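# Structural description and commentary
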Amino acid sequence: MDRSGFHMSILVLMPHASPRKSQTEPSFISKQVTGAKRYYFDLDPKPDGDLVIVCGGCERMRSDYIIDRTDFPFLVIECVAEGTGTLEISGVTYQLSAGMTFAYGPRMAHRITSDTDTPMLKYFVTFTGKSAARLVSDSMLAHGRCVQLSAPQEVIDIFDWLQREGLNETRLGPQVCAALLPVLIMKINEHAISYGTLDFRALETYERAKRVIEQRFLSLRSSEEAASACQHQVCT
């Protein structure tokens, strides 16, 4: 569990994660990270192909991390799992924190920075194909919108699933990840809340209590015991 209260299964990040031997690491992959786990599939996909996962991963930012682009060849969904930063996209500036997700793609200028004191840990998945643009344009992430998630762990769990399938390098890994992408977007749509409307301290408390109850529901005999297990005082 990280400081935000979310359970993280990808915590031990490698200093560098390289593509397969037959591939060269793409130039758009940031070197301004202290650790990363990344997977790579088709780095040169056909423009008229079906939904294709290009690559993805989980990265912990360095304090000087900055991405400043005017364009990008593929579509990307990113999710902040820990830390804070800033996103500038479509003329809007967002203060990023755990549980926030956003998307960008071709002809969409964007600038991402990580705060020095609390560097971000974030997931990303990069994709393209004939159905890719519609998946994003029909979602809560359309037009560069950044949203908060009411249940971020459910979205992080799918990113973790993508990580496992991508890093296993099995024959069907690319197809499995392509099948998971619509599920990821559906879960984002299900839990998306407009930016600035959610008190994350309250959400963190709720998520922590929910996990305790789910893990110990057979042994908890009262609301008082549940509250004690969550290290909260019961108001009477």
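Residues numbered from 1 in each chain as written. Predicted model: local features only at pLDDT ≥ 70, side-chain atom pairs only at ≥ 80, totals over all residues. Heavy atoms only, no water.

## Examining the pattern of salt bridges
- By the definition in use, this model includes eight salt bridges.
- A salt bridge links Lys 187 to Glu 154, with the nearest nitrogen and oxygen atoms 2.9 Å apart. Within this pair, whereas Lys 187 is found in helix H3 (residues 173-191), its partner Glu 154 is found in helix H2 (residues 152-168), the two being separated by 33 residues in sequence.
- The exposure class assigned to Lys 187 is partly exposed, which follows from its relative accessible area of 25%.
- Since its relative accessible area comes to 29%, Glu 154 is described here as partly exposed.
- A salt bridge links Glu 190 to Lys 187; the shortest N-O distance between them is 2.9 Å. Taken together, the residues span about one helical turn, with Glu 190 and Lys 187 both in helix H3 at a distance of three residues.
- Taken together, the shared-partner salt bridges in this structure form one network comprising Asp 68, Glu 88 and Arg 111. (Salt bridge = Lys/Arg side-chain N within 4 Å of Asp/Glu carboxyl O. Helix = DSSP H or I, 4+ residues; strand = E, 2+ residues; numbered from the N terminus. Buried < 20%, exposed > 50% of the residue type's maximum accessible area, 1.4 Å probe, protein only.)

## A look at the nonpolar core
- The biggest cluster of nonpolar side chains holds 32 residues, and the ones touching the most others in it are Ile 53, Ile 77, Val 125, Phe 127, Phe 159, Leu 181 and Leu 184.
- Elements supplying a minimum of two residues to this core: strand S2 (52-61), strand S4 (75-82), strand S9 (121-128), helix H1 (132-137), strand S10 (146-149), H2 and H3.
- When sequence neighbours within four positions are dropped, the list of residues in contact with Phe 159 reads Ile 77, Cys 79, Tyr 123, Phe 124, Val 125 and Leu 184.
- Formed by 25 residues, the second largest nonpolar core is a distinct cluster that contains Ile 29, Tyr 65, Leu 96 and Phe 102. (Core = buried A, V, L, I, M, F, W, Y, C linked by side-chain atoms within 4.5 Å. Contact = heavy atoms within 4.5 Å.)

## Re the pairing of S10
- Both faces of S10 are covered, namely the face carrying Cys 146 and Gln 148 and the face carrying Val 147 and Leu 149.
- Across three bridges, the pairing between strand S7 (residues 100-104) and S10 is antiparallel. Counterpart to Thr 101 in the pairing with S10 is Val 147. (Pairing = 2+ DSSP bridges.)

## Let's talk about the pairing of strand S6 (residues 92-96)
- Alignment of strand S5 (residues 85-89) against S6, held across five bridges, turns out to be antiparallel. Each bridged residue has a counterpart across the sheet, and for Leu 87 the counterpart in S6 is Tyr 94.
- Joining the antiparallel neighbours S5 and S6 is a turn of two residues, in which Ser 90 adopts a positive phi near 50°.

## A closer look at the environment of Thr 101
- Here Thr 101 shows up in strand S7.
- Relative accessible area serves as the criterion here: at 0%, Thr 101 is assigned to the buried category.
- Separated by 21 residues in sequence, Thr 101 and Val 80 have C-alpha atoms that sit 6.3 Å apart.
- With residues up to four places along the chain from it excluded, the contact list for Thr 101 reads Ile 77, Glu 78, Cys 79, Leu 141, Arg 145, Cys 146, Val 147, Leu 149 and Ile 188.
- Here Glu 78 takes part through its backbone oxygen, which lies 2.6 Å from a polar atom of the side chain of Thr 101. (Polar contact = N/O pair within 3.5 Å; in protein donor to acceptor, adjacent residues only side chain to side chain.)

## Details of the sheet that holds S7
- Ordered in space as S1-S2-S9-S4-S7-S10-S11, the seven strands form an open sheet in which the pairing is antiparallel. Edge positions in the sheet fall to strand S1 (33-40) and strand S11 (192-194), since each of these pairs with one other strand and no more. Between one strand axis and the next, the sheet turns through 25° on average, direction left out of account.
- Summarising the sheet, S10 and S11 pair through three bridges and their orientation is antiparallel. Bridging from a neighbouring strand, Leu 149 pairs with Ala 192 of S11.
- Here H3 sits on the sheet in contact with S2, S4, S7, S9, S10 and S11, set at roughly 40° to S11. (Axes fitted to C-alpha atoms, helices over the stretch in contact; angles between N-to-C directions.)

## Remarks on the packing of aromatic side chains
- By the definition in use, this model includes seven aromatic pairs.
- For the pair Phe 72 and Tyr 104, a centre-to-centre distance of 5.7 Å together with 80° between the ring planes defines the contact as edge-to-face. Here Tyr 104 lies in strand S7 and Phe 72 lies in the loop between strand S3 (66-69) and S4, a separation of 32 residues in the sequence.
- On the basis of relative accessibility, which here comes to 5%, the residue Tyr 104 falls in the buried class.
- Note on Phe 102 and Tyr 104: the rings are 6.4 Å apart at their centroids and 25° apart in plane angle, and the pair reads as stacked.
- By relative accessible area, which is 0% here, Phe 102 ends up buried.
- Joined through ring pairs, the aromatic side chains of Phe 28, Phe 72, Phe 74, Phe 102 and Tyr 104 make up one cluster. (Phe/Tyr/Trp six-rings, centres within 6.5 Å; stacked < 30°, edge-to-face > 60°.)

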